[in-house]
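Residue-level structural notes
For reference, the chains in residue letters:
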Amino acid sequence: MTKRHISLLVCATALVGSGVAAAAPVSVPATHLVHPGESIQKAVDAAQPGDTVLVMPGTYHQSVKITTPGLTLRGTGRSTVLKPATKATDDCGKRGNGICVAGTKSKRLVGVTVSHLILTGYSRAGLVSVGADGLTVRHVTSDRNGVWGFAEERSEHSTYERDIARDNGDAGIFLANTITAEQGAADSKETLVAHNLLAGNRIGVTVRRLRNLTVAANEVTGNCAGVFVVGDENKPKAGALTVRDNRVLRNNKYCAKTDRLPFLQGSGIVLTGAEKSEVTGNLVTGNSGTSPLSGGIVLFKSFVGATNDDNRITGNSVTGNAPADLVNQESTKRGNTFERNSCRASRPAGLC
């Protein structure tokens, strides 16, 4: 052994003896495997922040509630399928949901990721999030659920990306400040809905009483209505958001009226009770119907008297929609602008 090696060994021994090298153990994220016949919930409950629960291929008749921050729940793609239990015994399942991401009123649940699985056949929602911060949902298919494919309230910094929401009873993706209470619009803090397929739902995407978010580059087709931005008489108003670069095609399915809305058919992008929003770069074509909300891009005067104010409709390709490509039901005094859109017919005339 050389003198240099001996010297290094003595130094190392001294450090250990002094306690300098006795650092606290580093927590390494773990992966918890779930196989068919096993409980996903049990693995989720055993996980620590930062862990991954990996659900192997199979069909799982279960619901899952996530309350651990930083948890990743991941399947293996289309071969990992969650369906309702024959008789739900957990809170999430009893409410008719597949996956529940649950913070509290006093503390948001931070950093949860759900990815690469299918949620189907639940009576309410495939995935519902309440009080989350930084939720990421990617490569998840949520179809044939009774109300929503994906839904959230009281959440911030969410990302829904490269998901499929198809044939759900209401919205494919439903984002709201609160689902039940009447309150002014909340700041979603740059929530992003991007590169998703939204097909065969009542409404592709509904944004209700929210501000500061982006709906971008989605394929929205075959719904009764494509994209809805909804405000009401409460303050602050919905708006200060962006709807851009989406393909909104042939949303001509018929949906009967509800307590809130008349029948829907042939609506591309609808703003009602919104302010200071930008609708730009969208391809909106083939949306045709006779509903009061039908048309390519529609500024609809709310039934509760909430106006659309200072919205910018710019640079869209809007063709083959009926009764018109662009529809503005507001007074010219409301400050809404229509510029550089490619279209043929508008109500009133002159917006193209």
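Anyway, here's the lowdown on the structure attached to this text. (Residues numbered from 1 in each chain as written. Predicted model: local features only at pLDDT ≥ 70, side-chain atom pairs only at ≥ 80, totals over all residues. Heavy atoms only, no water.)

Some points on the overall build of the chain
Defined as follows: Counting from the N terminus, the helices are the DSSP runs of H or I reaching at least four residues and the strands are the DSSP runs of E reaching at least two. In this scheme, a residue with accessible area under 20% of its type's maximum is buried, one over 50% is exposed, and one in between is partly exposed, where area comes from a 1.4 Å probe on protein chains only. Contacts are residue-level and defined by heavy atoms, with any inter-residue pair within 4.5 Å sufficient. All accessible-area figures derive from a Shrake-Rupley calculation using a 1.4 Å probe, and residue coverage is judged against the displayed protein chains alone.
Scanning the chain from N- to C-terminus turns up three helices and 35 strands. For the C-alpha atoms alone, the extent of the chain along its principal axes is close to 90 × 50 × 35 Å. A total of 352 residues make up the chain; the buried ones form 52% of that total. Residue pairs at least 24 apart in sequence account for 61% of intrachain contacts in the chain once pairs closer than 6 positions are excluded. Surface summary for the chain: the accessible area is close to 15500 Å², and the carbon and sulfur share equals 53%.

Focus: the pairing of strand S1 (residues 31–34)
As a reminder of what qualifies: In this description, strands pair whenever DSSP reports at least two bridges between them. For a crossover, the right-handed case is the one in which the path from the first strand over the helix to the second runs clockwise, viewed with the strands pointing away from the viewer.
Along S1, the buried face is formed by His32 and Val34; none of Thr31 and Leu33, which line the opposite face, is buried. The sheet contact formed by S1 and strand S2 (residues 52–55) spans four bridges and is parallel. Its bridge partner lying in S2, leucine 33 is registered against leucine 54. Handedness of the crossover is the feature at issue here: the chain leaves S1, passes through helix H2 (residues 40–46), returns alongside S2, and the resulting connection is right-handed.

Notes on the environment of lysine 257
Along the chain, lysine 257 turns up in the loop between strand S25 (247–249) and strand S26 (267–272). In this structure lysine 257 comes out as exposed when scored by relative accessible area, which is 66%. Here the alpha-carbon distance between lysine 257 and serine 291, two residues 34 residues apart in the chain, equals 9.8 Å. Beyond its immediate stretch of four places on either side in the chain, lysine 257 contacts Arg202, Pro262 and Phe263.

What about unusual backbone geometry?
Following alanine 322, the chain continues into proline 323 via a peptide bond in cis, with omega recorded as 15°. Mapped onto the elements of the fold, proline 323 is located in the loop between strand S32 (317–319) and strand S33 (326–328). The peptide bond linking arginine 347 to proline 348 adopts the cis configuration, its omega dihedral lying at -5°. Among the secondary structure elements, proline 348 is positioned in the segment after strand S35 (346–347).

Concerning the side chain of asparagine 177
The line we're drawing: Identification of polar contacts relies on pairs of N or O atoms within 3.5 Å, with a donor-acceptor requirement for protein atoms, meaning one able to donate a hydrogen and the other able to accept it, and with residues adjacent in sequence counted only if both atoms are side-chain atoms.
Within the secondary structure, asparagine 177 is located in the loop between strand S16 (171–176) and strand S17 (186–194). Within polar-contact distance, the side chain of asparagine 177 engages the backbone oxygen of glutamine 183 at 3.3 Å. A polar contact of 2.8 Å, which involves the side chain of asparagine 177, links it to the backbone oxygen of glycine 184. When neighbours within four sequence positions are excluded, asparagine 177 is seen to be in contact with Glu153, Arg154, Gln183, Gly184, Ala185, Ala186, Arg208, Arg209 and Leu210.

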